[in-house]
Structure formats: structure tokens, C-alpha cells
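So you can see what is in the structure, the chains are spelled out below.
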Amino acid sequence: MERGNSKLRFLDENVGPFVLFILGFFRKTWRAILQTAPPVQDEIKSIAILKLAAIGDTVLLSGLVNDLRVWKPGLRIVLFVGGSNASYARLLPLIDEVVVLPVSDPLTSLSLLRNERFDLLLNADSWPRLSAILGACAKAKWVVGFLTPGESRHFADDQLVPHRADGPLSPWIVAFD
């Protein structure tokens, strides 16, 4: 989320939860009709990681990327970032592609995110609802995101990882072992 943009913050805090609730209802209904299950470990060939801001969190994310490479060496990993953490993200050696999303233009961000299909999308943002909305609308077979208390951003994720301020990001991998 773009810091200091009061319009985006208002929309994120006040409209975001409603949009996510509606998206979640339709995603879960559709998944129930199709009887969709989480991807099997052997079927996961590509992962999108969504991290729109926070350089420090992006630094921590490098450990997850390393764990993903150890877990599945041939995995295609695409990191979607915002402008504030793009410079550091481009320094990560284990990422196949870094895509910078214009956070202040959600429709363009969505268009860029939907350019490719992914087996799994890991939403590494724990606060902004915009990233949860983008994740829910991405072309991903399964979306994993944080369950952050009081943030109402989890409704549209397929699988939740409890957000822990003191914890590692690697529990995502444990969920698919």
C-alpha cells in the first residue's frame, strides 16, 4: 500500500473488507461446486508471491524464497512487488521474475497479475486488503494468505496461515508437505 495516500487508505479500510467478503463468498461457492482441493505437492510448478510494500518484510521473504528452492528446485517463482520494495526485490537471486505493480492503480496491477497462471499464490502481505483483493482475482489455482486478527482481509483466501509478528514465513511450505 502506498504510504501517505489517504484516499487509498480509506478505500482499503472501508471498502476492502466488503469487497473481500463478496469475493470470498463467490470463490468458496465456486470451489464447492467444482470440488476443488489444494494442489498436490507434485503438481505445483509455479508460485506467485505477492508483497506490495515494506522493504524489511521483503528482506525476510528472501528466507522463504530460499526454502521454496530447497523444497522444489525447478519451481518457477514470480515476485509481485510495489514500487517501495522493488529495488531490493530485484536483488534476490532465487526469483525467476520480479513484476512491479503500480499500487496506486489497482486495475493495472490486476491486469499485470493476471498475465500468467500460477499453481499457488502466496500473499505475503499481512495488512493491506488491496493485496488480498489482487490475490483473490489472480489466475492462481490456490491462494494462501495471512489470517491477521482484526484486519478482515482473509475472506477470499483458500488457505490461511496465522500471522505472527515473531514468526517465520516458512509455515506456508509445511502446509504443502
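Everything numeric here is computed off the predicted structure, so don't read it as measured data. (Residues numbered from 1 in each chain as written. Predicted model: local features only at pLDDT ≥ 70, side-chain atom pairs only at ≥ 80, totals over all residues. Heavy atoms only, no water.)

## A short note on the overall build of the protein chain
Then comes step 1: When helices and strands are counted, the protein chain shows seven helices and six strands.
Then comes step 2: Residues classed as buried in the protein chain amount to 45% of the 177 residues present.
Then comes step 3: By element, 61% of the accessible surface of the protein chain is carried by carbon and sulfur atoms, the whole surface being about 9100 Å². (Helix = DSSP H or I, 4+ residues; strand = E, 2+ residues; numbered from the N terminus. Buried < 20%, exposed > 50% of the residue type's maximum accessible area, 1.4 Å probe, protein only. Areas by Shrake-Rupley, 256 points an atom, 1.4 Å probe, with all protein chains shown as cover.)

## As for the nonpolar core
Grouped burial of nonpolar side chains is what soluble globular proteins tend to show.
Then comes step 1: Counting residues in hydrophobic clusters, the biggest one holds 23 residues, and the most contacted among them are Ile47, Ile49, Leu68, Leu79 and Leu122.
Then comes step 2: At the level of secondary structure, the elements contributing two or more residues to this core comprise β1 (46–51), α3 (55–71), β2 (76–81), α4 (86–89), β4 (120–123) and β5 (143–147).
Then comes step 3: By size, the runner-up hydrophobic cluster in this structure holds 16 residues, among which are Ala48, Leu52, Val78 and Leu121. (Core = buried A, V, L, I, M, F, W, Y, C linked by side-chain atoms within 4.5 Å.)

## Some thoughts on the packing of helix α5 (residues 106–113) against helix α6 (residues 129–137)
Any two packed helices are characterised by how steeply their axes cross, that is the angle between the axes, and by the distance between the axes.
Then comes step 1: With their axes 10 Å apart at the nearest point, α5 and α6 run at an angle of 40° to one another. Here α5 is positioned oblique relative to α6, judged by the angle of their axes. Both α5 and α6 take part in a crossing whose hand is right-handed. Of α6, the residues touching α5 (which contributes Pro106, Ser109, Leu110 and Leu113) are Leu130, Leu134, Gly135 and Cys137.
Then comes step 2: For the contact of α5 with α6, the residue count by class is six nonpolar, two polar and no charged. (Axes fitted to C-alpha atoms, helices over the stretch in contact; angles between N-to-C directions. Parallel < 35°, antiparallel > 145°, perpendicular 65-115°, else oblique. Left-handed = near helix turned anticlockwise from the far one by under 90°. Contact = heavy atoms within 4.5 Å. Nonpolar A, V, L, I, M, F, W, Y, C, P; charged D, E, K, R; others polar.)

## Details of helix α2 (residues 16–34)
Then comes step 1: The end-to-end C-alpha distance of α2, which contains 19 residues, comes to 26 Å, matching closely the 27 Å that a straight helix rising 1.5 Å per residue would cover.
Then comes step 2: Looking at the residues trailing α2, positive phi occurs at glutamine 35, about 55°. (Expected span 1.5 Å × (residues − 1).)

## A closer look at the environment of alanine 53
Then comes step 1: Summarising the element assignment, alanine 53 is placed in the loop between β1 and α3.
Then comes step 2: The spacing of alanine 53 and valine 103 is 50 residues in sequence and 9.2 Å in space, taken between C-alpha atoms.

## Examining the pairing of β2
Then comes step 1: Extensive coverage of β2 is indicated by the burial of five of its six residues.
Then comes step 2: Relative to β2, β1 runs parallel, the two being bridged by six bridges. Within β2, the residue paired with isoleucine 49 across the bridge is leucine 79.
Then comes step 3: Once the chain exits β1 it traverses α3 before rejoining the sheet at β2, and the crossover so formed is right-handed.
Then comes step 4: The pairing of β2 with strand β3 (residues 97–100) spans four bridges and is parallel. Opposite valine 81, over in β3, you have valine 100 as the bridge partner. (Pairing = 2+ DSSP bridges. Right-handed = clockwise from strand over helix to strand, strands pointing away.)

## Some words on the confidence of the model for the protein chain
Then comes step 1: Counting all residues, the mean pLDDT for the protein chain is 81, and 84% of those residues have values of 70 or more.
Then comes step 2: Per-residue pLDDT, averaged within each element of the protein chain, yields its smallest value for helix α7 (residues 171–174) (49) and its largest for β3 (96). (pLDDT = per-residue confidence, 0-100.)

## Some thoughts on a nonpolar patch on the surface
Then comes step 1: Together, Phe18, Phe21, Ile22, Phe25 and Phe26 give the surface a local cluster of nonpolar side chains, amounting to about 570 Å² of exposed area.
Then comes step 2: Relative to the elements of secondary structure, phenylalanine 26 occurs in helix α2.
Then comes step 3: Accessibility expressed as a relative area gives 55% for phenylalanine 26, which makes it exposed. (Patch = residues over 30% accessible without salt bridge, like charges linked within 9 Å, V, L, I, M, F, W, Y side chains within 5 Å. Salt bridge = Lys/Arg side-chain N within 4 Å of Asp/Glu carboxyl O.)

## Examining the side chain of arginine 69
Then comes step 1: Residue position: arginine 69 is located in helix α3.
Then comes step 2: Of note is the side chain of arginine 69, whose polar atom sits 2.8 Å from the backbone oxygen of leucine 94. (Polar contact = N/O pair within 3.5 Å; in protein donor to acceptor, adjacent residues only side chain to side chain.)

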